[in-house]
Amino acid sequence: MPPLQTNTISRRTLLSGAVAFAALLSTTAMTRQSVAATPVSGAFDFESFTARMRDMAAQPYQNPELIQSPVYEALDYDGHRRVQFDTKKARWLGDDHGFQIQAFPPGWLFKETVSVYEITSGDSHPFAFDTEDFIYHFDDKAERDAIESAAFPGIAGFRINYPMNKPDVADELVAYLGASYFRALGRGNIYGSSARGLLINSWRDGPEEFPRFSEFYLERPTGPGPMTLYAALESHSVTGAYRFVISPADADQQETVMDVTARLFFREDVAEVGIAPLTSMFLFADTNRSDFDDFRPQVHDCSGLVFEPEAGLPMWRQLNNSPILGNSYFWDANMKAFGLYQRNRNFEDYQDAGAHYERRPSMRVEPTGDWGQGQVRLIEIPARSETDDNIAAFWIPKDAPKAGEAREYGYRLIWGDLVASDEADLAHVVETRIGQGGVSGVENAASLRKFVIDFAGGRLPDLSPDTLFDVNASVSAGEIIGLAFSQIEANGLWRLVLDVETIGESLIELKASISAGGEPLTEAWLYQWRGEQA
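An account of the accompanying structure is given in this report. Every chain is numbered on its own, with residues counted from 1 as its sequence reads. In keeping with the predicted nature of the model, local features appear solely for residues at pLDDT of at least 70, side-chain atom pairs appear and are counted solely at 80 or more, and the whole-chain, interface and lining totals rest on all residues. Only hydrogens and water are set aside; all other atoms, that is, all heavy atoms of the structure, feed into the side-chain values.

A few words now on helix α1 (residues 46–57). The helix and strand labels rest on DSSP assignments: H or I over at least four residues marks a helix, E over at least two residues marks a strand, and numbering proceeds from the N terminus. Here the expected span of a helix is defined as 1.5 Å times the quantity of residues minus one. The terminal C-alpha atoms of α1, which comprises 12 residues, lie 17 Å apart, in line with the 16 Å expected from a rise of 1.5 Å per residue. Those residues of α1 lying buried are Phe46, Phe49, Thr50, Arg52, Met53, Met56 and Ala57. Along the axis of α1, the buried positions cluster into a sector of 160°, meaning they face one direction only. The exposed residues of α1 that point more than 90 degrees off its buried face are Glu47 and Asp55. Between the side-chain oxygen at the start of α1 and the backbone nitrogen of Glu47 there is a gap of 3.0 Å, and the oxygen is on Asp45. Summary of the burial criterion: residues with accessible area below 20% of their type's maximum are buried, those above 50% are exposed, and those between are partly exposed, where the area comes from a 1.4 Å probe applied to protein chains only. The arc in question is traced by the directions running from the helix axis to the C-beta atoms. In protein, a polar contact means a hydrogen-donor-capable atom and an acceptor-capable atom, both N or O and within 3.5 Å, with residues adjacent in sequence counting only if both atoms are side-chain atoms; elsewhere, any N or O pair within 3.5 Å suffices.

As structure tokens, this is what we get:
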């Protein structure tokens with residue numbers, strides 16, 4: 001099989017609290033590292049790996065060593081992106097399974113290195129990377145000579161490439177870089193949202209704890225099919241053994257699918273643990289565009305949270321970005337799925353020829369076992385820049401973990417367009433708009449807000465506009481003083497309009513859905529209005 005070309009993708013910096021997952025992928029970038037042997041260099045299997053992480057949880061946490069290289073420590077944003085992996089030296093280049101392994105250098109925000117091992121025939125051995133695996137794009141000869149002659153301190157993370165879009169081009173598929181952050185792509189997507197291995201005490205009293213993946217074990221495929229890798233998670237409160245089975249997107253499957261197993265061992269009590277955490281960016285859309293002086297109609301990596309309970313209507317929670325922190329909770333006894341979705345898939349919705357937000361992937365989490373009672377928490381952090389990842393969604397078990405406890409969670413994580421089907425039983429929310437309430441052309445009270453929700457798909461296109469519809473709308477505070485539901489002749493969509501009096505209220509939870517004859521016709525639309533945006 002001839003070597004595949006490599007297609008690399010540029011992506012936005014992601015900052016989250018004190019730890020940043022920032023990856024400029026302007027070219028391929030993986031490193032050659034000399035890694036000392038560890039207790040699992042040699043025979044490797046998931047059970048023995050799990051046992052080692054369980055044993056580690058009984059020991060005090062050891063802070064990772066920072067890189068000891070003045071040259072790499074001094075790299076800033078621009079300097080770090082100038083150190084790029086030589087794509088001709090990708091590991092597994094030319095293998096018939098199509099996967100390639102490349103790496104990221106340390107420096108800038110990434111002061112800690114990770115260990116990466118290859119598993120072949122059940123045995124693990126270190127991947128070795130060094131200075132010669134990189135190209136140094138420094139115009140200043142002294143700078144270039146200094147970094148080329150410096151001792152290579154190790155790698156900060158790695159990426160996996162695969163021919164998703166063209167059979168002879170190895171596109172970037174997955175990247176692991178920074179704490180426990182990772183990203184993946186579906187066919188035709190570009191980087192946007194990300195996931196984490198675990199989240200601990202986010203936006204609670206006291207500092208958030210950031211577990212990190214410290215070791216990776218990559219199983220070398222023997223032919224076409226999924227790729228499996230394992231990761232060691234470590235932090236003050238927990239250790240973990242993770243397995244990722246990655247089925248890449250290709251000509252027959254737009255989505256990239258990860259089957260994840262997380263085995264967790266708690267050193268300490270944890271007030272709130274977030275399972276399958278997702279991170280994204282929502283700056284503005286038709287709900288809050290008036291707050292931003294921008295030529296673009298919308299700027300976001302995702303537009304809403306999907307929550308599918310065990311019973312009842314699936315929910316679409318339109319995202320919000322207001323001057324105060326937002327928290328929403330969705331409880332269920334045994335949920336089916338949750339995710340952060342980018343539903344707007346047309347360039348015209350964004351008008352950004354550089355960022356192409358219409359190509360950012362949606363992310364969906366499906367538990368593969370019974371997770372039991374718990375709730376999905378959605379955090380919306382005030383943001384003024386699209387470089388700020390201000391959205392987080394994760395599942396919280398009913399009972400917080402205690403020191404000495406072990407837990408296992410399995411889930412499927414899907415990355416891709418995840419376009420809502422017009423053939424589905426229920427109509428889906430297409431767009432949410434918010435503005436001054438009341439009748440156009442006359443002066444209305446500033447406290448009167450209008451919420452406009454457009455639906456498409458399901459059985460709505462087959463129904464007559466004369467159908468007797470039931471509008472199931474409620475507010476937690478304030479008052480609905482007007483509502484209407486009708487079809488828009490110009491585009492065939494169905495529009496729900498709510499006028500809500502908000503005077504004296506600082507926060508209102510809104511919910512609405514449409515039914516007829518006792519049968520549901522739409523998913524449930526939800527929104528959290530926060531008074532500062534009025």
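Next, the rest of the story.
This next bit is on the packing of aromatic side chains. Stacked, tilted and edge-to-face are the three classes applied to pairs of Phe, Tyr and Trp rings, where Trp contributes its six-membered ring and a pair requires centres within 6.5 Å; stacked means planes under 30 degrees apart, edge-to-face means over 60, and tilted covers the rest. Applying the stated criterion to the full structure yields 40 aromatic pairs. Summarising the aromatic geometry, the rings of Phe134 and Phe152 are spaced 5.4 Å apart at their centres and angled 35° between planes, so their arrangement reads as tilted. Taken as a pair, Phe134 in strand β9 (residues 134–136) and Phe152 in the loop between α4 (141–149) and β10 (157–166) lie far apart in primary sequence, 18 residues in all. Relative accessible area serves as the criterion here: at 6%, Phe134 is assigned to the buried category. You can call Phe152 buried: its relative accessible area is 17%.

Time to look at empty space enclosed by the protein. Grid points spaced at 1 Å and placed over the protein atoms alone form the basis of the search, with a cavity being a set where a 1.4 Å probe fits but cannot get out and a pocket an open set showing protein on both sides within 12 Å along at least five of seven lines. Lining residues have an atom within 4 Å of a point. Grid points are joined across faces, edges and corners, and a volume is the space filled by probe spheres set on the points. Scanning the model with the defined rule gives two cavities of 30 Å³ or more in all. Around the second largest cavity, the lining residues are Gln298, Ser303, Trp316, Gln318, Arg343, Asn344, Val429, Val430, Glu431 and Thr432. At the level of elements, β23 (315–318) and β30 (428–436) are the ones that each hand at least two residues to the lining of the second largest cavity. The leading source of residues in the lining of the second largest cavity is β30, at four residues. By the convention adopted, Pro, Cys, Tyr, Trp, Phe, Met, Ile, Leu, Val and Ala count as nonpolar, Lys, Arg, Asp and Glu as charged, and the other residues, Gly among them, as polar. Of the residues in the lining of the second largest cavity, the class split is three nonpolar, five polar and two charged.

Moving on, we get to the sheet that holds strand β31 (residues 448–456). A pair of strands is considered paired only if DSSP assigns at least 2 bridges between the two. With antiparallel pairing, four strands are arranged side by side in an open sheet as β30-β31-β34-β33. In the strand order of this sheet, the two ends are held by β30 and β33 (479–487), each with one partner. Adjacent strand axes in the sheet meet at a mean angle of 15° when their direction is disregarded. Of the pairings in the sheet, the one linking β33 to strand β34 (residues 494–501) comprises eight bridges and is antiparallel in character. The partner of Ser486 across the bridge, within β34, is Arg495. Every axis in this analysis is a line fitted to C-alpha atoms, fitted for helices over the stretch in contact. Angles between the N-to-C directions lie between 0 and 180 degrees.

Below, the discussion takes up unusual backbone geometry. Located in the positive-phi region is Trp92, a residue other than glycine, with phi close to 70°. Position of Trp92 among the secondary structure elements: in the loop between β5 (83–85) and β6 (100–104). With relative accessibility at 4%, the residue Trp92 sits in the buried group. Phi angles above zero are rare outside glycine, and Asn201 is one such case at about 55°. Overall, the relative accessible area of 18% leaves Asn201 in the buried class.

A grouping of Asp76, Asp139, Asp140 and Glu143 is seen on the molecular surface, where their side chains present a negatively charged patch. The topology assignment puts Glu143 in helix α4. Within the patch definition used here, like charges are joined within 9 Å and nonpolar side chains (Val, Leu, Ile, Met, Phe, Trp, Tyr) within 5 Å, considering only residues with over 30% relative accessible area and no salt bridge. Computed by Shrake-Rupley with a 1.4 Å probe, the accessible areas treat only the displayed protein chains as cover when residues are assessed. Salt bridges are identified by distance alone: a Lys or Arg side-chain nitrogen within 4 Å of an Asp or Glu carboxyl oxygen. We treat Lys and Arg as the positive residues and Asp and Glu as the negative residues; His and chain ends play no part in the count. Where a charge lies is defined by one atom per residue type, namely NZ (Lys), CZ (Arg), CG (Asp) and CD (Glu).

With that out of the way, let us pick up the nonpolar core. General note: in soluble globular proteins, nonpolar side chains tend to be found buried as a group. Core analysis: the biggest nonpolar cluster contains 87 residues, and Tyr176, Phe244, Met258 and Phe338 have the highest contact counts within it. We call two residues in contact whenever any of their non-hydrogen atoms come within 4.5 Å of each other. With residues up to four places along the chain from it excluded, the contact list for Tyr176 reads Phe104, Gly157, Phe158, Tyr181, Phe182, Phe213, Phe216, Leu229, Phe244, Ile246 and Met258. Each nonpolar core is a collection of buried residues, namely Ala, Val, Leu, Ile, Met, Phe, Trp, Tyr and Cys, held together in the definition by side-chain atoms within 4.5 Å. Formed by 29 residues, the second largest nonpolar core is a distinct cluster that contains Phe451, Phe455, Phe469 and Leu498.

The element strand β27 (residues 374–380) is largely enclosed, with a buried count of six among its seven residues. The sheet contact formed by β27 and strand β28 (residues 391–397) spans seven bridges and is antiparallel. Following the sheet pairing, Gln375 is matched in β28 by Ile396.

Attention shifts here to the environment of Leu468. Position of Leu468 relative to the elements: it lies in the loop between β31 and β32 (470–475). Classification of Leu468 as exposed rests on a relative accessible area of 72%. As a C-alpha pair, Leu468 and Glu380 span 88 residues in sequence and 37 Å in three-dimensional space.

What follows is about the pattern of salt bridges. Under the criterion given, the structure shown has 31 salt bridges. For Glu118, the salt bridge identified is with Arg220, shortest N-O distance 3.0 Å. You can see Glu118 sitting in strand β7 (residues 115–120) and its partner Arg220 sitting in the loop between β15 (212–219) and β16 (227–234), a full 102 residues away along the chain. Taking relative accessible area as the criterion, Glu118 reaches 6% and is therefore assigned buried. Look at Arg220 and you get partly exposed, because its relative accessible area is 32%. One salt bridge connects Asp499 with Lys450, and the closest N-O pair in it is separated by 3.0 Å. Residue Asp499 is located in strand β34, and its partner Lys450 is located in strand β31; the two are separated by 49 residues in the primary sequence. By relative accessible area, Asp499 is classed as buried at 13%. Judged by relative accessible area, which is 18%, Lys450 ranks as buried. The structure contains a network of salt bridges with shared partners spanning Asp286, Arg433, Asp454 and Arg495.

The values are spatial; any link to function lies outside them.
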